[in-house]
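Results of the structural survey
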Amino acid sequence: MDTLVLHGGRPLSGRIAVSGAKNAALPAMAAALLCPGEHRLRRVPRLADVATLSRLLAHMGVAIERGSGRRGGELRLVSPAACRPEAPYDLVKTMRASVLVLGPLLARQGRARVSLPGGCAIGARPIDQHLKALAALGADIRLAHGYVEAEAPPGGLRGAHVPFDVPTVTGTENVLMAASLARGRTVLTNAAREPEVEDLARALISMGARISGAGGDVIEIEGVEGLNPLAHEVIPDRIEAGTLLVAAAATGGEVTLDGARPDQLEALIDKLREAGSRVEEIDGALWLRSPARASAVAVRTAPYPGFPTDMQAQVMALAAVAEGSSVIEETVFENRFMHALELRRMGADITVTGRTAIVRGVRKLSGAPVMATDLRASASLVVAGLAAEGRTVVQRVYHLDRGYDRLERKLRSLGARIRRVAAG
Ligand code: EPU
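What this report covers is the structure whose coordinates are included nearby. (Residues numbered from 1 in each chain as written. Predicted model: local features only at pLDDT ≥ 70, side-chain atom pairs only at ≥ 80, totals over all residues. Heavy atoms only, no water.)

Another point: the overall build of the protein chain. Scanning the protein chain from terminus to terminus reveals 14 helices and 24 strands. For 424 residues, the compact-globule estimate of 2.2 N^0.38 gives 22 Å, and the C-alpha radius of gyration of the protein chain, at 21 Å, lies within 12% of that figure. Over its C-alpha atoms, taken along the principal directions, the protein chain stretches across nearly 65 × 45 × 45 Å. Buried positions account for 55% of the 424 residues belonging to the protein chain. Excluding contacts between residues fewer than 6 apart, the proportion of contacts in the protein chain whose partners are at least 24 apart in sequence is 73%. Here the protein chain has roughly 16,300 Å² of accessible surface; of this, 49% comes from carbon and sulfur atoms. Where the 53 positive side-chain charges of the protein chain centre and where its 45 negative ones centre are 5 Å apart. (Helix = DSSP H or I, 4+ residues; strand = E, 2+ residues; numbered from the N terminus. Rg over C-alpha atoms; globule rule 2.2 N^0.38 Å. Buried < 20%, exposed > 50% of the residue type's maximum accessible area, 1.4 Å probe, protein only. Contact = heavy atoms within 4.5 Å. Areas by Shrake-Rupley, 256 points an atom, 1.4 Å probe, with all protein chains shown as cover. Lys, Arg positive; Asp, Glu negative; His and termini not counted. Charge placed at Lys NZ, Arg CZ, Asp CG, Glu CD.)

Here is the structure:
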């Protein structure tokens, strides 16, 4: 297994372009199951999760090819006339987002057999809302032998009112895809408002779907008989952008991010300003300059447009070196503080009680060997390592590779001393 070796203490400085969003690329790839033909997707990041979903789609009969050279961000997906409607455990267990194939398979093939994803390092993460919504569209859903077995009624799925009990990102995306091919009108209430949901809606609309209201909590979908292949450019990754901004703030640095969308990063930018950074949009890029030491912040995660849970771990690393005491509350996932223990091993002063962490900032963290159990926790250890004195070795880098497109190269081009040591 690869490791990352960092020597901290140097402010990040420079300019870099943001990659495409993992959580927008994955549903758009799944949308290729909705109709046969050649789909094209641009700005697809190079990530382990994209490779995993590619393997899963290949299992269903979709041929996938990545462009080369300047077209390296482009995926060409050729969907067959009939897909194999099955997502096996071996592929689903490595990536929960595999559940995104359920809606499109059901709509297009009339049936699907998808392994239940199970819990993960950040919480139980049930999919009851996905299943309830698909049942409302008329699907017969059974759970057997660790699999969801779903079947559309004779004549196909039909539009319905779907009230979500909790706003769920992939749940909303699954139903958006299924309802696009259902008969009649579907209305989703308490839908997730994340920019990635809106991006999927844009992708589906480009295929001929009739969707309005995405980005708000009520979405209306008028089902159509058939869709055309997809041609879409994925939005830039707000979490990658956010991670780079936080890393700059934690090191007293200055960075400019090309392609970052300030309108999708408002809650984070507010907190970075509260921490003392100047953040501006300049000529279509996002610029941040941090004071030598950030100030404490109060953060409470919430569904979009609230503060993203996917930035909570990285902000905890910033709080660990800020002046004063920060309060960080996690309301989206029940078990997303595993990084706190590793940050403590680097000298951070953090007390966790239930879903709240109190972080008393220290002047300096000290580099240490550390290891994370999930993607964003790994990113927080990298941020901490950049701000720490001495050498940090981050193990289990495969978590980081799931969701960041060559993060160490980007950080190195911003002046960080970081290198990957390949497993021998
Ligand atoms: N929930 C339910 N029932 C459901 C679905 C969700 O109770 O059927 C609960 C979850 O347990 C959680 C809350 O609702 O407490 C929100 O979960 P959501 O379904 O929105 O999460 P997700 O769709 O599984 C996506 C991202 C996550 C991100 C969350 C929240 C993708 C592929 N994943 O997950 O991204 O944290 O939304 O914004 O889009 C990451 O990139 O590191 C990551 C974990």
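What links the strands of a sheet is backbone hydrogen bonding, and the strands pair in either a parallel or an antiparallel sense. Across the sheet, 4 strands lie side by side as β10-β11-β13-β12; this open sheet has mixed pairing. The sheet is open, and its two edges are formed by β10 (161–163) and β12 (210–212), each paired on a single side. The mean inter-strand angle of the sheet, taken between neighbouring strand axes irrespective of direction, is 15 degrees. The pairing of β10 with strand β11 (residues 185–189) spans 3 bridges and is parallel. (Pairing = 2+ DSSP bridges. Axes fitted to C-alpha atoms, helices over the stretch in contact; angles between N-to-C directions.)

What follows deals with the site of the ligand. Around the ligand, the structure places 21 residues, and the nearest of them are Gln 129, Thr 168, Thr 170, Asp 310 and Val 332. Within the side chain of Thr 168, an N or O atom sits 2.7 Å from an oxygen atom of the ligand. For the ligand, an oxygen atom lies 2.8 Å from a polar atom in the backbone of Val 169. For the ligand, whose accessible area on its own is 830 Å², the fraction buried by protein is 86%. For the shell around the ligand, the elements supplying multiple residues, two or more each, are α1 (22–30), α5 (128–136), α6 (169–180) and α12 (375–387). (Near = heavy atom within 4 Å. Polar contact = N/O pair within 3.5 Å; in protein donor to acceptor, adjacent residues only side chain to side chain.)

Tallying each qualifying case throughout the model produces 0 aromatic pairs. The ring centre of Tyr 147 lies 3.9 Å from the NZ or CZ of Arg 113, which sits over that ring. (Phe/Tyr/Trp six-rings, centres within 6.5 Å; stacked < 30°, edge-to-face > 60°. Lys NZ or Arg CZ within 6 Å of the ring centre and 35° of its normal.)

This part covers the pattern of salt bridges. If the charged atoms of two oppositely charged side chains come close together, the side chains can form a pair. Enumeration according to the criterion identifies 31 salt bridges in this entry. Between Glu 274 and Lys 271 there is a salt bridge whose closest N-O contact spans 3.1 Å. Taken together, the residues Glu 274 and Lys 271, both in helix α9 (residues 266–274) and 3 residues apart, mark about one turn of the helix. You can call Glu 274 partly exposed: its relative accessible area is 42%. The shortest N-O distance in the salt bridge between Arg 420 and Asp 401 comes to 2.8 Å. Taken together, the residues span a long stretch of sequence, with Arg 420 in strand β24 (residues 417–421) and Asp 401 in helix α13 (residues 398–403) at a distance of 19 residues. For Arg 420, a relative accessible area of 28% corresponds to the partly exposed category. Each of Glu 38, Arg 40, Glu 65, Glu 74 and Arg 76 takes part in one network of salt bridges that share partners. (Salt bridge = Lys/Arg side-chain N within 4 Å of Asp/Glu carboxyl O.)

A few words now on the environment of Leu 134. Mapped onto the secondary structure, Leu 134 falls in helix α5. Judged by its relative accessible area of 0%, Leu 134 is buried. Each C-alpha atom of the pair Leu 134 and Gly 103 lies 7.5 Å from the other, and the pair is 31 residues apart in sequence. If sequence neighbours within four positions are ignored, Leu 134 has contacts with Leu 102, Gly 103, Leu 106, Ala 139, Ile 141 and Ala 178.

On strand β5 (residues 75–79), burial follows the alternation: Leu 75, Leu 77 and Ser 79 on one face are buried, whereas Arg 76 and Val 78 on the facing-out side are not. Alignment of strand β3 (residues 37–42) against β5, held across 5 bridges, turns out to be antiparallel. If you follow Glu 38 over to β5, its bridge partner there is Val 78. Strand direction decides the pairing type here: strand β4 (residues 63–66) and β5, joined by 4 bridges, are antiparallel.

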